[in-house]
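# A look at the structure
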Number of protein chains: 2
Amino acid sequence: MEDQSAKKDNVTVQDVAREAGVSASTVSRYLTGVTGVSKIKQEAISRAIELLNFTPNVLAQSLKTGSTKTIGIITQDLGSPFFGEELKGVEHAISGTGYALLIVSGHWQSREEKDHAELLIGRRVDGIIIFTTTSSDKQILALSRQVPVVITGRRLDAMPRALGLAVDNELAAYEATRYLLSQGHRRIAHICGRLGQPDAEERLQGYKRALKEAGITVDQRLIASGDFTETGGVLAINQLLESRSPFTAIFAANDQSALGARLGLYRRGIRVPEEISLIGFDDLAVSNYMLPPLTTIRQPTFDLGRLAGQTLLSMLQGSTTPVVQPQFELVKRESVRRI
Amino acid sequence: MEDQSAKKDNVTVQDVAREAGVSASTVSRYLTGVTGVSKIKQEAISRAIELLNFTPNVLAQSLKTGSTKTIGIITQDLGSPFFGEELKGVEHAISGTGYALLIVSGHWQSREEKDHAELLIGRRVDGIIIFTTTSSDKQILALSRQVPVVITGRRLDAMPRALGLAVDNELAAYEATRYLLSQGHRRIAHICGRLGQPDAEERLQGYKRALKEAGITVDQRLIASGDFTETGGVLAINQLLESRSPFTAIFAANDQSALGARLGLYRRGIRVPEEISLIGFDDLAVSNYMLPPLTTIRQPTFDLGRLAGQTLLSMLQGSTTPVVQPQFELVKRESVRRI
DNA sequence: TTGTACGCGTTATCAT
DNA sequence: ATGATAACGCGTACAA
């Protein structure tokens, strides 16, 4: 990682100044790129920095300037492929800007999310990005009085202090169900997301609306509980099968649920899509590797993260570019068949 | 997130001291829990803190004490389920300790890993954890002269400055191949990991050793290149099939490769395990949801992260508990059949 | 263009 | 037990 010199890491601007034969403030000016340092001294300072292997102490800088060049991220589950992809998006957005990411997770607990938000505030992050918050809009707004906040998974506009980025979940779920309908399915089951979370609720609503508009009465026995996890998916299959209400298709609230459902079906010897059609939501990287590859509603997950990062960055600069909400897209693969 | 009071966030120990009618140093003593603050003043300070909604400025604390209570993490890919699980382990290890995680990624580029390591150093992290480093032992050792380092995916013992945690990759790969052999397979293919990475190389060696010991000459046409990704897995299948050298089983260097291989096989109409047996490495959460569920070598991924976190923490405290290296385990599921 | 002096918010040393 | 004072490393108004 490092090279030759035995660095003591105690080197300060003072040391550099002494070595270069200038004052500390001149070194500071050189560092911050402010106007007015003569060519000769610039080179002397540059050499001294090289020689002493000097690295500015970011803490001292932050203490002085009030900016830590750090963005706090609250995710609900560090192991989730969905949040992982969003994380990559943010990372991409801030790469090269000198910003760093302080990452915590709320584990779907409002209390933990709140505590961790305070941890981030205590560390004086310049802004916070929350992936799928478990808090209410009101709480987010309160938080945003302390520091700019961008959330994903829920729409919200309180610029320039807070912004929520999300696809239209209700409409997307409506479209997913409509697609199943268009393929001749009439008895369509739904595996819910984590109820209580707006995105899960909205997807359920979209599902119901599509059914109603098609003149189909919603059958409660075809609505299985879930929690956005694979395990929840297999449990939902059990629930659905035990209800003894027949169905030919399933709309899962997310791909992870769909993956679990797929295994549950496999265990019972039920073929997809021959006997049951399956559609998911998110389009995770692995969904294309499922057997059969999963038909799903694509969320631009990476872009969602990138957009969140870019937006927060521009909020920090005070610029106020109008943001466009991300759009979903139906990705037709092989897990749905016409009947 | 927040509650009532309109906090101005400029509140310092000075303000608290004034409000409580004591000196700043007494407030500091109260904060750090050092001996010697009278009950009466303790309560006065406590009240003042509550009233002013005071939060200590961690930056100033760090500047003064020299410890940032922050651990830097270098991962290669934030979206990877493997690293995600390790991350959760670290998170678990540090939860409740007051430490926070500054996370960057190297994207499998040595150069980027080095730059990001320096970013972390510049931010004065107390220690660094690297998931599957792309650097040489020598470089790791150099880095460890600046700050304690724990790496995973490769064994290394340079306590108390640096430690590498990993399962015995060569042995694990040997066992995986032996298992295939025990099931009657003689023509076994291997999908490599990212060659150049010690863990990938060691797995390849273990595969070869098992073959040789069984009196089977290694067929280069059955060794396909890969890079630990799903895409690499499907590409490897193409490569293997084009070589026209028959095989009845595949040992993939990791589960992601196995997942890609599974899709590649599916595309060609080749059944698993009826026609081809498949074994992976890692035991990702999704591997249990593959069709058929994947037989694989289980790495205690979460525990690897947890162990890394715990070890680093104890290094920071100067304590030197001897660490035990993590162990792998063969998980038999349904992707391998006896022939 | 350059240097001096001061302050960011905290902790630690030293008296008292 | 408590308070005044210095110091952590840096940026910046001000003066030169």
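Residues numbered from 1 in each chain as written. Chains lettered and ligands numbered in written order. Predicted model: local features only at pLDDT ≥ 70, side-chain atom pairs only at ≥ 80, totals over all residues. Heavy atoms only, no water.

This part is about the overall build of chain A. On a plain count of helices and strands, chain A comes out with twelve helices and twelve strands. Taken over C-alpha atoms, the radius of gyration comes to 26 Å for chain A, far larger than the 20 Å a tight globule of 339 residues would show. Dimensions along the principal axes, computed over C-alpha positions, put chain A at roughly 85 × 40 × 30 Å. Within chain A, buried positions represent 55% of all 339 residues. Of the accessible surface of chain A, which amounts to about 14200 Å², a share of 50% is contributed by carbon and sulfur atoms. Across chain A, the centroid of the 39 positively charged side chains sits 2 Å from that of the 37 negatively charged ones. (Helix = DSSP H or I, 4+ residues; strand = E, 2+ residues; numbered from the N terminus. Rg over C-alpha atoms; globule rule 2.2 N^0.38 Å. Buried < 20%, exposed > 50% of the residue type's maximum accessible area, 1.4 Å probe, protein only. Areas by Shrake-Rupley, 256 points an atom, 1.4 Å probe, with all protein chains shown as cover. Lys, Arg positive; Asp, Glu negative; His and termini not counted. Charge placed at Lys NZ, Arg CZ, Asp CG, Glu CD.)

This part covers the pairing of strand 7 (residues 188-194) of chain A. All names here are of chain A. Counting buried positions along strand 7 yields six of seven residues, so the element is predominantly enclosed. Across three bridges, strand 7 lies against strand 8 (residues 223-226) in parallel orientation. Among the inter-strand pairings, Ile191 is bridged to a residue of strand 8, identified as Ala224. Between strand 7 and its parallel partner strand 8, the chain crosses via helix 9 (residues 198-213), and the hand of that crossover is right-handed. (Pairing = 2+ DSSP bridges. Right-handed = clockwise from strand over helix to strand, strands pointing away.)

With that out of the way, let us pick up the nonpolar core. Looking at soluble globular proteins, one finds that nonpolar side chains tend to be buried together. Core analysis: the largest hydrophobic core is formed by 146 residues, its most contacted members being A:Ile71, A:Ile250, B:Ile71 and B:Ile250. Among residues more than four places away in sequence, those in contact with A:Ile250 are A:Leu180, A:Ala189, A:Ile191, A:Ile237, A:Leu265, A:Ile276, A:Ser277, A:Leu278 and A:Ile279. In this structure, A:Leu120, A:Ile128, B:Ile128 and B:Val149 belong to the second largest nonpolar core, which totals 32 residues. (Core = buried A, V, L, I, M, F, W, Y, C linked by side-chain atoms within 4.5 Å. Contact = heavy atoms within 4.5 Å.)

Per the domain assignment, the segments making up chain A are domain 1 (13-56), domain 2 (69-167 + 301-327) and domain 3 (169-298). Look at where the C-alpha atoms of domain 1 of chain A and domain 3 of chain A centre, and you get two points 63 Å apart. (Domains from an automatic or database assignment.)

In the vicinity of DNA strand C, 24 residues are found, and the nearest of them are A:Ser25, A:Thr26, A:Ser38, B:Val13 and B:Lys64. Taken together, the sugar and phosphate atoms account for 62% of what DNA strand C places within 4 Å of the protein. Here a base oxygen of DNA strand C sits 3.2 Å away from a polar atom, N or O, in the side chain of B:Lys64. Elements that contribute at least two residues to the surface near DNA strand C include exactly helix 2 (24-32) and helix 4 (58-65) of chain A together with helix 1 (13-20), helix 2 (24-32) and helix 4 (58-65) of chain B. For the surface near DNA strand C, the class distribution of residues is seven nonpolar, 13 polar and four charged. (Near = heavy atom within 4 Å. Polar contact = N/O pair within 3.5 Å; in protein donor to acceptor, adjacent residues only side chain to side chain. Nonpolar A, V, L, I, M, F, W, Y, C, P; charged D, E, K, R; others polar.)

On to the sheet that holds strand 11 (residues 295-298) of chain A, then. All names here are of chain A. An order of 8-7-9-10-11-12 is seen for the six strands of this open sheet, with the pairing classed as mixed. Across the chains shown, the open sheet's two edge strands, defined by having one partner strand only, are strand 8 and strand 12 (329-331). Each strand axis lies, on average, 20° off the axis of its neighbour in the sheet, ignoring direction. Two strands pair when backbone bridges link them, and strand 9 (residues 249-252) and strand 10 (residues 277-282) are joined in this way by three bridges, in the parallel orientation. (Axes fitted to C-alpha atoms, helices over the stretch in contact; angles between N-to-C directions.)

Take chain A, turn it by 180°, move it 0.1 Å along the axis, and it overlays chain B with an RMSD of 0.1 Å. When the rotation and shift are considered jointly, the pair of chain copies conforms to a two-fold rotation axis. No C-alpha of chain A lies nearer the rotation axis than that of A:Leu102, which sits 2.4 Å from it. The share of interface residues of chain A whose copies in chain B are also at the interface is 100%, consistent with both copies meeting through the same surface. (Least-squares fit on C-alpha atoms with pLDDT ≥ 70 in both.)

Let us look at the packing of aromatic side chains. Applying the stated rule across the entire model yields eight aromatic pairs over all chains. Ring centres of A:Phe82 and A:Phe83 lie 5.8 Å apart, and the angle between their planes is 70°; on these two criteria the pair is classed as edge-to-face. Among the residues examined, A:Phe83 registers a relative accessible area of 5% and is labelled buried. Taking the centre distance of 6.2 Å and the plane angle of 50° together, the rings of B:Phe83 and B:Trp108 count as tilted. With B:Phe83 in helix 5 (residues 81-94) and B:Trp108 in the loop between strand 2 (100-105) and helix 6 (110-122), the pair connects residues that are 25 residues apart, well separated along the chain. Positioned above the aromatic ring of A:Phe281 is the side chain of A:Arg203, whose terminal nitrogen or guanidinium carbon lies 3.7 Å from the ring centre. (Phe/Tyr/Trp six-rings, centres within 6.5 Å; stacked < 30°, edge-to-face > 60°. Lys NZ or Arg CZ within 6 Å of the ring centre and 35° of its normal.)

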